[in-house]
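A look at the structure
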Amino acid sequence: MEPRALLEAWRGRMGRELDAAIGFWVRHSHDPEHGGFFSCLGQDGSVYDDVKYVWLQGRQVWVYARLYRTVPRFRRPELLEAARAGGEFLLRCARVGPGSPKAAFALTRDGRPTKVQRSIFSECFCALGLDELGRATGESRYRQEARALLEAVVRWVREDPTELGRPPLAGVTPHEPLAVPMMLLCLAEQLGDGAGGPLAELEGWCTQRLLRHLQDGSAVLENVSEDGKELPGCLGRQQNPGHALEAGWFLLRYAQRQGDMALAAQAIEGFMVRPFQAGWDPEHGGLFAFQDVDGLCPTQLEWSMKLWWPHAEAMVAFLMAYAHSREPALLRLFQQVAEYTFERAASMCPVPCTCVKRSWGSCWMSPWSNCPLRRLGLMPKGQLGLCPPFYWLAERFAHHVKRHNGKSFKE
């Protein structure tokens, strides 16, 4: 199939999946009594646990607000009001206490905190959602709160992590997880105002930290020492193909904003193509969850499972890379992942399930349509659409590949 026809076909399918996903969550996830969104829904939309995960509250606010602001068919008042209700729930309930910069990980239905993680990610997803809500509504108070959360996260990462609540332990080797500069780069792009904006220094810092995880130009390590060196033992050998691909498309977007073609090439080859080639299961297909850079057995029990989110990241990454370079091999990689995700995996389970499949492709968790951290369901229900990477995937078709052959796709 010619590239244009292939892209149009996938754009149509992604659009239908996005519509189905938004429809499902609009019908079933909203809490009209307390605000916010239910995170745990069965395949029929029934709520099987009313716990509210802050990661997912922020993500759903972001997706609703971004769709409202940028995609004409989603410019519906009820979608913006749902985003606003979610944002107000975060403002009231996300922080663990008055005046505390720390956000909870999980909340009761009425917004009381039940769990806190000693990491930055609840705050990051709150900030992403609130900033986008502020852009969609024009109300500065949402963006001001997002900026305050960003400032707290930057302070914890770059200056003093005390407020995270991690006790200093004598035997712990100081190290940097890939997810930290990766998430901060995403957050800086969202809250910033383009190249040269007020967060330019932070974006540059995140980029340099991410590049330290690319060891010898051939392997992206999940953890490195504080000075960017490989760590001893299992911690140092750990690889996460999904994170490498995710970091790759964040870096590519930054490189494009900066006009840095060398960095763009490094992002594509070092963070996308090579980790994908190393992480793809040659026998059964799909991306492994974790790997060991020396080929030893990973210590993560779920290492051989095929999680949904790395496949979402891979599709976004390769489509974005193809839009940037027009290299046919990158479009073929997109097609490879998309076919596995939408056809082979979906055909193995008659009902929507959670994000996990075993290495050989059979369902491991069923019949639930949601998981607490990633919210990635199986087609045909289309719950994949509420994952931010799948919004980006739909957006790539709408804004990048439409330039293929100098022509535009119809909205």
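Residues numbered from 1 in each chain as written. Predicted model: local features only at pLDDT ≥ 70, side-chain atom pairs only at ≥ 80, totals over all residues. Heavy atoms only, no water.

The next point concerns the packing of aromatic side chains. Counted by the stated rule, this structure contains 13 aromatic pairs. Ring centres of Phe 37 and Tyr 64 lie 5.7 Å apart, and the angle between their planes is 80 degrees; on these two criteria the pair is classed as edge-to-face. Residue Phe 37 is found in the loop between helix 1 (3-28) and strand 1 (40-41), and its partner Tyr 64 is found in helix 2 (residues 54-70); the two are separated by 27 residues along the sequence. In this pair, the class of Phe 37 matches that of Tyr 64, namely buried. With a centroid separation of 5.2 Å and an interplanar angle of 45 degrees, the aromatic rings of Trp 55 and Phe 125 are classed as tilted. Taken together, the residues span a long stretch of sequence, with Trp 55 in helix 2 and Phe 125 in helix 4 (residues 121-137) at a distance of 70 residues. (Phe/Tyr/Trp six-rings, centres within 6.5 Å; stacked < 30°, edge-to-face > 60°. Helix = DSSP H or I, 4+ residues; strand = E, 2+ residues; numbered from the N terminus. Buried < 20%, exposed > 50% of the residue type's maximum accessible area, 1.4 Å probe, protein only.)

The next subject is unusual backbone geometry. Comment: phi is negative for the bulk of residues other than glycine, and the bulk of peptide bonds are trans. For Arg 326, which is not a glycine, the phi torsion comes out positive at approximately 60 degrees. With respect to the helices and strands, the residue Arg 326 is situated in the loop between helix 11 (308-325) and helix 12 (328-347).

This paragraph deals with the packing of helix 5 (residues 140-158) against helix 6 (residues 179-191). Where helix 5 meets helix 6, the closest approach of the two axes is 11 Å, and the angle between their N-to-C directions is 150 degrees. If you check the angle between helix 5 and helix 6, you find them roughly antiparallel. Along this stretch, helix 5 crosses helix 6, giving a crossing that reads as left-handed. Residue-level contacts link Arg 143, Ala 146, Arg 147, Leu 150, Val 153, Val 154 and Val 157 of helix 5 to Val 180, Leu 184, Leu 187 and Leu 191 of helix 6. (Axes fitted to C-alpha atoms, helices over the stretch in contact; angles between N-to-C directions. Parallel < 35°, antiparallel > 145°, perpendicular 65-115°, else oblique. Left-handed = near helix turned anticlockwise from the far one by under 90°. Contact = heavy atoms within 4.5 Å.)

Under the criterion given, the structure shown has 27 salt bridges. We note a salt bridge from Glu 81 to Arg 84, for which the minimum N-O separation is 3.5 Å. Here the residue Glu 81 and the residue Arg 84 both occupy positions in helix 3 (residues 77-93), the gap between them amounting to 3 residues, near one helical turn. Asp 110 is the partner of Arg 112 in a salt bridge, and the nearest nitrogen-oxygen pair spans 3.0 Å. Salt bridges sharing common partners tie together Glu 81, Arg 84, Glu 88, Glu 139 and Arg 141. (Salt bridge = Lys/Arg side-chain N within 4 Å of Asp/Glu carboxyl O.)

Soluble globular proteins tend to pack their nonpolar side chains together in the buried interior. Among the nonpolar cores identified, the biggest contains 112 residues, and Met 272, Phe 318 and Phe 334 are the most heavily contacted of them. Not counting residues within four places of it along the chain, the set of residues in contact with Met 272 comprises Leu 245, Gly 248, Trp 249, Leu 252, Ala 267, Ala 317, Phe 318 and Ala 321. Listed in part, the 5 residues of the second largest apolar core include Ala 289, Met 305, Leu 307 and Trp 309. (Core = buried A, V, L, I, M, F, W, Y, C linked by side-chain atoms within 4.5 Å.)

A word on the confidence of the model for the protein chain. Per-residue confidence for the protein chain averages 86 on the pLDDT scale, and 83% of its residues sit at or above 70. Low pLDDT, under 50, characterises residues 347-356; the stretch is placed with 44 contacts to residues that sit more than four places away or in other chains. In this model residues 398-402 is a low-confidence stretch, pLDDT under 50, and it forms 15 contacts with partners more than four residues away in sequence or in other chains. (pLDDT = per-residue confidence, 0-100.)

Another point: the sheet that holds strand 3 (residues 52-53). Within the open sheet, the 3 strands sit side by side as 3-4-5. Their pairing is antiparallel. Because the sheet does not close on itself, it has two edges, and the strands there are strand 3 and strand 5 (113-115). Note: strand 4 (residues 106-107) against strand 5, 2 bridges, orientation antiparallel. Residue pairing for strand 5: Leu 107 is matched across the bridge by Pro 113. (Pairing = 2+ DSSP bridges.)

It is the contact of helix 9 (residues 241-258) with helix 11, at a shortest axis distance of 8 Å, that shows an interaxial angle of 30 degrees. On the basis of their axis angle, the class for helix 9 and helix 11 is roughly parallel. In this structure, helix 9 crosses over helix 11, and the sense of that crossing is left-handed. Across from Gly 242, His 243, Leu 245, Glu 246, Trp 249, Leu 252, Arg 253 and Gln 256 in helix 9, the residues of helix 11 making contact are Trp 309, Pro 310, Glu 313, Ala 314, Val 316, Ala 317, Phe 318, Met 320, Ala 321 and His 324. Of the residues contributing to the contact of helix 9 with helix 11, the split by class is 11 nonpolar, 4 polar and 3 charged. (Nonpolar A, V, L, I, M, F, W, Y, C, P; charged D, E, K, R; others polar.)

Let's shift gears to the environment of Pro 3. Mapped onto the elements of the fold, Pro 3 is located in helix 1. Residue Pro 3 is classed as partly exposed on the basis of its relative accessible area of 26%. Distance in space between the C-alpha atoms of Pro 3 and Arg 332 is 9.6 Å, their sequence separation being 329 residues.

The next point concerns the environment of Ala 244. Its location among the elements puts Ala 244 in helix 9. Ignoring sequence-local partners within four residues, the contact set of Ala 244 consists of Leu 178, Val 220, Phe 271 and Pro 275.

With that settled, consider the state of the cysteines. If you walk through the whole model with that rule in mind, you get 0 disulfides. Cysteine Cys 126 shares no disulfide, and the gap to the nearest cysteine sulfur, in Cys 124, comes to 9.5 Å. When its relative accessible area of 2% is taken as the criterion, Cys 126 is described as buried. (Disulfide = S-S within 2.5 Å.)

On to helix 9. Taking 1.5 Å per residue as the helical rise, helix 9 with its 18 residues ought to reach 26 Å, and the 26 Å between its terminal C-alpha atoms agrees with that figure. Counting buried positions along helix 9 gives 15 out of 18 residues, so the element sits mostly inside the fold. Once helix 9 finishes, Gly 259 follows within two positions and takes phi at roughly 70 degrees, a positive value. (Expected span 1.5 Å × (residues − 1).)

With that settled, consider helix 10 (residues 261-279). Taking 1.5 Å as the rise per residue, helix 10 with 19 residues should run 27 Å; its terminal C-alpha atoms sit 26 Å apart, in good agreement. Buried within helix 10 we find Leu 263, Ala 264, Ala 267, Ile 268, Gly 270, Phe 271, Met 272, Val 273, Pro 275, Phe 276 and Gly 279. Of the residues flanking the start of helix 10, the one acting as N-cap is Asp 260, its side-chain oxygen 3.3 Å from the backbone nitrogen of Ala 262. (Polar contact = N/O pair within 3.5 Å; in protein donor to acceptor, adjacent residues only side chain to side chain.)

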